[in-house]
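Here is how the chains run, residue by residue.
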Amino acid sequence: MLIIKNLHAEVEGKQILKGLNLTVNAGEVHAIMGPNGAGKSSLASVLAGRENYEVTEGEVWFEGKNLLEMAPEDRAREGVFLAFQYPVEIPGVSNINFLKTAIGEIRAYRNLPPLDAKAFLQLSKEKQKLVEFDAKLVNRSLNEGFSGGEKKRNEIFQLAMLEPLLSILDETDSGLDIDALRIVSKGVNKLRSPKNAFLIITHYQRLLEYIVPDFVHVLYDGRIVKSGTKELALELEEKGYDWLKEKEEVGTN
Amino acid sequence: MANDKEIIDNIANKEYEFGFVTDIEMDVAPAGLNEETIRYISARKNEPEWLLEWRLKGLQAFGRQKLPAWQNFEMPPIDFQKISYYAAPKSKKKYDSLDQVDPELLATFEKLGIPLNEQKALAGVAVDVVFDSVSVATTYKEKLKELGIIFCSFGEAVREHPELVKKYVGSVVPYSDNIFAALNAAAFSDGSFVYIPKGVRCPMELSTYFRINTENTGQFERTLIIADEGSYVSYLEGCTAPMRDENQLHAAVVELIAMENAEIKYSTVQNWYPGDKDGNGGIYNFVTKRGICKGANSKISWTQVETGSAITWKYPSVILQGDNSTGEFYSVAVTKNKQIADTGTKMHHIGRNTRSRIISKGISAGQGQNSYRGLVQMGSKADNARNFTQCDSLLIGDRCGAHTFPYIESKNNSATVEHEATTSKIGEDQIFYLNQRGIDSEKAVALIINGYAKEVLNQLPMEFAVEAQKLLSITLEGSVG
């Protein structure tokens, strides 16, 4: 589904990604871990097409298409979803109206007929239930005055509504209390299917107790320096990242 | 061979019919403003002597007045002597039905997206079409007549209801009020007149479409709405104009009078030609709009969506004379390219327990300049009067400007005045967030803008709100990235 080859990227002249390789297949859940400043969130931004990130080298293929050549909205329409670390507030635009517009645009791109009001409402109700999203928040202005936890849960609700192929969760666990974490994880687990894939960017192993990954990768200094299964996450929790840094330094020397 | 040439000529001439300038025979007064012109206009309209005298007083006041110098923009030079002050479609015939209306005129309305036939059929909307000055079609008149509601052109009101016109014209905006009001008093062409009798709730939105068509013809509309005791009326004014090379001056006057327990809701969507990218050829919209809450518990509410004109300069105001009366002003003003808007409101609190609410949303894009200018005045007898003002500015890009000039005067210690103001920019983060959900930047901006203006758009009647929403999106197309 997703093939990243030798990806180099910089932001404001500063090199952030330095030859990153990663392959994600349908049905898989990959966790990306690593210390602060390793380039985890930058990877998410580059994949989603944030403007100030410049790819200087490498390739990204999504479902056989060159992702880097697409505008951000087209990446979304092709099925790439980013659950933001800091979701923005848009006053006056109701959550539901925003989703209706988004779904309309995505369906038009895929040459699908628009959803009628009834079908949309039904879909919304179904997904609210699935991810345990508060019905009151559905009609409020998009993220306006939402608590940190509510914003994150709204990201998962949107994910459920838009049914993307690849979902990138950028530190979705940060700022969540244990109950919210459980609900968010439960939602994600319900949305997992053999057809879609998840890229979970996180700092802590905690989230991975709830969403069990198929693969765990350690991102350090713009590269994936170690890959393994869920046990790697536990190892990282125990030992921290320093032993990898040392190893990396030895390696480069 | 001569035949061939004739055919070619015919075809060549025919093209013009499909141009954007409607080819209707016009009866145009010679350019220039003087007593002769005023007498010409008055005679053309078969007006009574008292009205001619009133016009002449207006002309004198105009001669005494100077152009104001306090506005926040450079006033373009206007040669009042170069303007023709009267243009009317030549046919003097009265129309009993739409079938009798010049088909070309109807075609123009179609082009502007105002299918009159459809409008007529649209339940609940009566349309009094003002085409350059003279009203050519009035619909739903009969239905309104049954309720005793008068909704007609100003000219007709002068003929049919002179006592009402004589009593109220100039009673809210006197001919000496300001230079443009004086100009309008002297040279007003036509406009609309509404009278709602005691206790009557007007069952439909009254709507007038104004349109400027003749080159070099200033538009001097005059609207007078009187809501008698305990009555209610909602009035819509919408404007469009075709492309023009030369600047056109528009100086309308609107007067609203609300008696005891009466309510007037006045909504405007203004979309006149704003000029080209460099600001050439747009319309100057210098309007005086004022209402008076004469009786106790009365209410006047202004809602405006201003997207057009090269310069918009107006302050719909309310004089809160009756005790417990309420004045409201809801505004969205958009400026882009080199457009200028200097708009706001004045709330004069005279009576006790009077309330006013001002919600102003300015949107500036390109090199547009948007100024909010508002005056809240608490008179010495305005015990417990209250005002709330919220004044927001939204900037798109970094070459536009937003300015706020709030004036507050209070002569009463028990009065409360609140003012809130914010300035924000459409953030790249907001646009990227929406992009990431499959929404392109153009649509993203439209969503953000409509969300921003929602509080005002919500005040508009349903169909109008939908139109206004579309208008905002269309207006700001291409403003981002």
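Residues numbered from 1 in each chain as written. Chains lettered and ligands numbered in written order. Predicted model: local features only at pLDDT ≥ 70, side-chain atom pairs only at ≥ 80, totals over all residues. Heavy atoms only, no water.

**Student:** Even after reading the chapter, I still don't get the overall build of chain A, so can you show me in this structure?
**Tutor:** In terms of regular secondary structure, chain A is built from 10 helices and 12 strands. In terms of overall size, chain A behaves like a compact globule, its C-alpha atoms giving a radius of gyration of 18 Å where 253 residues would be expected to give roughly 18 Å. Along the first, second and third principal axes, the C-alpha atoms of chain A reach 60 × 40 × 35 Å. Relative to its 253 residues, chain A shows a buried fraction of 52%. For chain A, long-range pairs separated by at least 24 residues make up 69% of all intrachain contacts whose partners lie at least 6 apart in sequence. For chain A, the distance from the average site of its 32 positive side-chain charges to the average site of its 38 negative ones is 6 Å. (Helix = DSSP H or I, 4+ residues; strand = E, 2+ residues; numbered from the N terminus. Rg over C-alpha atoms; globule rule 2.2 N^0.38 Å. Buried < 20%, exposed > 50% of the residue type's maximum accessible area, 1.4 Å probe, protein only. Contact = heavy atoms within 4.5 Å. Lys, Arg positive; Asp, Glu negative; His and termini not counted. Charge placed at Lys NZ, Arg CZ, Asp CG, Glu CD.)

**Student:** When you look at the nonpolar core in this model, what are you seeing that I'm missing?
**Tutor:** Among soluble globular proteins, nonpolar side chains are generally buried collectively. One finds Ile4, Leu47 and Ile168 of chain A together with Ile363, Leu434 and Ile449 of chain B to be the most contacted residues of the largest nonpolar core, which totals 112 residues. Apart from the residues lying within four places of it in its own chain, the contact partners of isoleucine 449 of chain B are Ile363, Leu394, Ile396, Ile426, Leu472 and Leu476 of chain B. (Core = buried A, V, L, I, M, F, W, Y, C linked by side-chain atoms within 4.5 Å.)

**Student:** How do you make sense of the pattern of salt bridges when you look at a structure like this?
**Tutor:** Oppositely charged side chains can form a pair if their charged atoms are brought close together. Residues and elements named next belong to chain B. Per the counting criterion, the structure on display carries 27 salt bridges over all chains. One salt bridge connects glutamate 328 with lysine 299, and the closest N-O pair in it is separated by 3.6 Å. Of this pair, glutamate 328 sits in strand 17 (residues 326-335) while lysine 299 sits in strand 14 (residues 299-306), and the two are 29 residues apart along the sequence. Among the residues examined, glutamate 328 registers a relative accessible area of 11% and is labelled buried. (Salt bridge = Lys/Arg side-chain N within 4 Å of Asp/Glu carboxyl O.)

**Student:** Teacher, can you tell me more about the interface of chain A and chain B here?
**Tutor:** The interface of chain A with chain B comprises 31 residues on the first partner and 19 residues on the second. A per-residue breakdown of the area chain A buries against chain B is headed by Phe84, Val88 and Ile90 of chain A, which together make up 22% of the total. The tally of links from chain A across to chain B stands at 3 salt bridges. Here glutamate 155 of chain A ties to arginine 437 of chain B by a salt bridge, and the two come within 2.6 Å at their closest N and O atoms. Every element with two or more residues in the side of chain A that touches chain B is listed here: helix 2 (72-78), strand 6 (80-83), strand 7 (90-94), helix 3 (95-109) and helix 6 (148-162) of chain A. With 6 residues, the top contributor of residues to the side of chain A that touches chain B is helix 3 of chain A. The residue inventory of the side of chain A that touches chain B, partitioned by class, reads 18 nonpolar, 6 polar and 7 charged. (Buried area = accessible area lost by both parts, 1.4 Å probe. Nonpolar A, V, L, I, M, F, W, Y, C, P; charged D, E, K, R; others polar.)

**Student:** Explain the sheet that holds strand 6 of chain A to me, please; I cannot follow it from the model alone.
**Tutor:** Remark on secondary structure: sheet strands pair via backbone hydrogen bonds, oriented parallel or antiparallel. Residue and element names in this part refer to chain A. With mixed pairing, 6 strands are arranged side by side in an open sheet as 6-9-10-3-11-12. Looking along the sheet, the strands with just one partner apiece sit at the ends: strand 6 and strand 12 (223-228). This sheet shows a mean twist of 20° between the axes of neighbouring strands, independent of strand direction. Against the sheet, helix 6 engages strand 6, strand 9 (166-170) and strand 10 (197-201), with an angle of about 165° to strand 6. (Pairing = 2+ DSSP bridges. Axes fitted to C-alpha atoms, helices over the stretch in contact; angles between N-to-C directions.)

**Student:** Sorry, what's going on with the sheet that holds strand 1 (residues 2-11) of chain A here?
**Tutor:** Residue and element names in this part refer to chain A. An order of 2-1-4-5 is seen for the 4 strands of this open sheet, with the pairing classed as antiparallel. Bordering the open sheet on either side are strand 2 (14-24) and strand 5 (65-66), each of which pairs with just one other strand. With 8 bridges joining them, strand 1 and strand 4 (residues 53-62) adopt antiparallel strand pairing. Bridging across to strand 4, histidine 8 finds its partner in glutamate 57. Sitting on the sheet, helix 1 (residues 40-48) touches strand 1, strand 2 and strand 4, and the angle it makes with strand 1 is about 105°.

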